[in-house]
Amino acid sequence: MLQGLLVLLIICSWVYWLVALCLVYDFFRRARPLPVRDMLSALVWLAGGFGRRVIWRGEEFVLVHEGRMHPVSPGTVGSEAGHLRGGSRGGTAVT
């Protein structure tokens, strides 16, 4: 009788800790990246307010006062812009 009670106590304790660890792991796995992602998104949004030059599809543009984009020079920009765009995959870089 006493041995059965001891085995039951050990099994209950093991299940209790297993459930607790799963809940804690699941909480941190889901909750940890959210504030970091929000902060990075806010920083990227804020950085977009500075600067007037934009590199889009390999061409450099300048934002003018009316909110329009005017090309700086036709054709592709230098290799530094290609590095900012992430190589040949394309993309947008604000400088």
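Computed from a predicted structure; not experimentally measured. (Residues numbered from 1 in each chain as written. Predicted model: local features only at pLDDT ≥ 70, side-chain atom pairs only at ≥ 80, totals over all residues. Heavy atoms only, no water.)

Quick notes on the confidence of the model for the chain
Interpreting fine coordinate detail is not advised for predicted regions of low pLDDT. When pLDDT is averaged across the chain, the result is 75; 73% of the residues are at 70 or more. Predicted confidence for residues 79-91 stays below pLDDT 50, and this span has 13 contacts to residues more than four positions away or in other chains. (pLDDT = per-residue confidence, 0-100. Contact = heavy atoms within 4.5 Å.)

Looking at the packing of aromatic side chains
Applying the stated criterion to the full structure yields two aromatic pairs. Ring plane angle 80° and centroid distance 5.6 Å describe the contact between Y16 and W17, whose orientation is recorded as edge-to-face. Judged by its relative accessible area of 54%, W17 falls in the exposed class. Between W56 and F61 the ring centres are 6.4 Å apart and the planes differ by 55°, which places this aromatic pair in the tilted class. With a relative accessible area of 11%, F61 lands in the buried category. (Phe/Tyr/Trp six-rings, centres within 6.5 Å; stacked < 30°, edge-to-face > 60°. Buried < 20%, exposed > 50% of the residue type's maximum accessible area, 1.4 Å probe, protein only.)

Here we look at the pattern of salt bridges
Applying the stated criterion to the full structure yields one salt bridge. Its salt-bridge partner being R53, residue E60 comes within 2.5 Å of it at the nearest N-O pair. Assessed through its relative accessible area of 12%, E60 is described here as buried. (Salt bridge = Lys/Arg side-chain N within 4 Å of Asp/Glu carboxyl O.)

Some thoughts on the pairing of strand β2 (residues 59-63)
Bridge analysis of strand β1 (residues 53-56) against β2 gives four bridges, and the strand direction is antiparallel. Paired with I55 across the strands is E60, a residue of β2. In sequence, β1 turns back onto β2 through a hairpin of two residues, with R57 there showing a positive phi of about 55°. Bridge count between β2 and strand β3 (residues 69-73): four bridges; the pairing is antiparallel. By the bridge assignment for β3, V62 is matched with H70. (Pairing = 2+ DSSP bridges. Helix = DSSP H or I, 4+ residues; strand = E, 2+ residues; numbered from the N terminus.)

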